[in-house]
Amino acid sequence: MELTLTTPTLYLARHATPDWSRTDLPYHLPPGPPLTPQGEAEAAELGRFLRAAGVTRLYASPLERARRTAEIAASVAELPFQVEAAIAEWRPEEKPEHIRVRFWPVWERVIAQSLQSGPIALVTHGGPIGFFLDELGLPKDTLAYYRRTFDRNNPAPPAGVWKAARPASGEPWDVSLAFVPDAYRKKLIV
């Protein structure tokens, strides 16, 4: 018997901390900078969160920092993961309409998968996460608050996660910051 759920649940995870000193590697093109040891620890913390959240599958951007984050998190959470080129970093020449064309088919596909198998996580980058949060209707002032809170105008810290769930088809998405690694919790105003 095939399981069909009524609420799709997707997690948007930002890659863990990369080696910012690697200015010899373009940030938006593969491979991009690798993770630092701190980033590897954050990825393991992310894996524990995803396991507890019941995530059933991971998709990762092909850039090294996101792919390695997913690899570590998937290992900890005992999940399959696959690389998805369409969720790569926002490139300097791309405009929002280009991002929509590139990302939205993946979003629709993982919604359908979530309805069949449970929560799914995308390990991507701050730019794509900000795009999705805006598209899903997160209030602009809330998005701006998180962009000011975390590094480099990102709406999530390294290895941070947003949860998006839709109670019923046609209903608005319920979007919330679901996970912040220990090293970044002090930045949040409670």
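Keep in mind the model is a prediction, meaning the values are calculated, not measured. (Residues numbered from 1 in each chain as written. Predicted model: local features only at pLDDT ≥ 70, side-chain atom pairs only at ≥ 80, totals over all residues. Heavy atoms only, no water.)

A.B. asks: How would you sum up the pattern of salt bridges? Please name residues and give values.
C.D. replies: The final tally for this structure, using the stated rule, is 14 salt bridges. Notably, a salt bridge pairs Arg22 with Asp24, separated by 2.9 Å at the nearest N-O pair. You can call Arg22 partly exposed: its relative accessible area is 30%. Overall, the relative accessible area of 53% leaves Asp24 in the exposed class. Of the charged contacts, one joins Glu89 and Arg65 as a salt bridge, the two residues approaching to 3.4 Å between their closest N and O atoms. One end of the pair, Glu89, is in the loop between strand E3 (81–83) and helix H3 (96–117); the other, Arg65, is in helix H2 (residues 64–77), with 24 residues separating them in the sequence. (Salt bridge = Lys/Arg side-chain N within 4 Å of Asp/Glu carboxyl O. Buried < 20%, exposed > 50% of the residue type's maximum accessible area, 1.4 Å probe, protein only. Helix = DSSP H or I, 4+ residues; strand = E, 2+ residues; numbered from the N terminus.)

A.B. asks: Requested: an account of the pairing of strand E4 (residues 120–124), with residues and values cited.
C.D. replies: Of all five residues in E4, five are buried, a share of seventy percent or more. As paired elements, strand E1 (residues 9–14) and E4 share five bridges and run parallel to each other. Considered in E4, the bridge of Tyr11 is made with Ala121. Where strand E2 (residues 57–60) lies against E4, four bridges are found, and the strand directions are parallel. Looking across to E4, one finds that Ala60 is bridged to Val123. (Pairing = 2+ DSSP bridges.)

A.B. asks: If you had to explain the side chain of Thr124 to someone new, which residues and values would you point to?
C.D. replies: Mapped onto the elements, Thr124 comes out in strand E4. Given the relative accessible area of 1%, Thr124 is considered buried. In this structure Thr124 touches Ala13, Arg14, His15, Ser61, Ala66, Ile87 and Ile129, once residues within four positions along its chain are discounted. (Contact = heavy atoms within 4.5 Å.)

A.B. asks: Which residues make up the environment of Ser75, and what values go with them?
C.D. replies: Along the polypeptide, Ser75 turns up in helix H2. For Ser75, a relative accessible area of 55% puts it in the exposed group. Once the C-alpha coordinates of Ser75 and Arg102 are considered, the two residues, 27 residues apart in sequence, prove to be 28 Å apart.

A.B. asks: Tell me what's going on with the sheet that holds strand E6 (residues 174–179), and back it up with residues and numbers.
C.D. replies: Strand pairing in a sheet is mediated by backbone hydrogen bonds. Such pairs are either parallel or antiparallel. Taken in spatial order, the six strands make up an open sheet running E3-E2-E4-E1-E5-E6, and their pairing is mixed. Lying at the two open borders of the sheet, with one neighbouring strand each, are E3 and E6. Direction aside, neighbouring strands of the sheet carry axes that sit 20° apart on average. (Axes fitted to C-alpha atoms, helices over the stretch in contact; angles between N-to-C directions.)

A.B. asks: Which residues make up the packing of helix H4 (residues 126–135) against helix H5 (residues 140–149), and what values go with them?
C.D. replies: The geometry of H4 relative to H5 is characterised by a closest axis approach of 10 Å and an angle of 160° between their N-to-C directions. Taken together, H4 and H5 sit at an angle that is classed as roughly antiparallel. Like other packed secondary-structure pairs, H4 and H5 cross with a definite hand, here right-handed. The segment H4 lies against H5, with Gly130, Leu133 and Asp134 engaging Lys140, Leu143 and Arg147. (Parallel < 35°, antiparallel > 145°, perpendicular 65-115°, else oblique. Left-handed = near helix turned anticlockwise from the far one by under 90°.)

A.B. asks: Break down the nonpolar core for me, citing the residues and quoting the values.
C.D. replies: Core analysis: the largest hydrophobic core is formed by 27 residues, its most contacted members being Leu12, Trp107, Leu122, Leu133, Trp162 and Val175. Broken down by secondary-structure element, the contributors of at least two residues to this core are E1, H3, E4, H4, H5 and strand E5 (161–165). At six residues, the largest contribution of residues to this core is made by H3. Once you skip the residues sitting within four places of it in the chain, Leu122 turns out to touch Tyr11, Leu12, Ala13, Tyr59, Ile87, Trp107, Val110 and Phe132. By size, the runner-up hydrophobic cluster in this structure holds 24 residues, among which are Ala44, Val55, Ala66 and Ala77. (Core = buried A, V, L, I, M, F, W, Y, C linked by side-chain atoms within 4.5 Å.)

A.B. asks: Quick rundown of H2? Include the residues and the values.
C.D. replies: Helix length check: H2, at 14 residues, gives a terminal C-alpha distance of 19 Å against a target of 20 Å (1.5 Å per residue), a fit within 8%. Looking only at H2, the buried set comprises Arg65, Ala66, Thr69, Ala70, Ile72, Ala73, Ala74 and Ala77. Contact partners of the buried residues in H2: helix H1 (37–52), E2, E3 and E4. Positive phi shows up at Glu78, right after H2, with a value of about 55°. (Expected span 1.5 Å × (residues − 1).)

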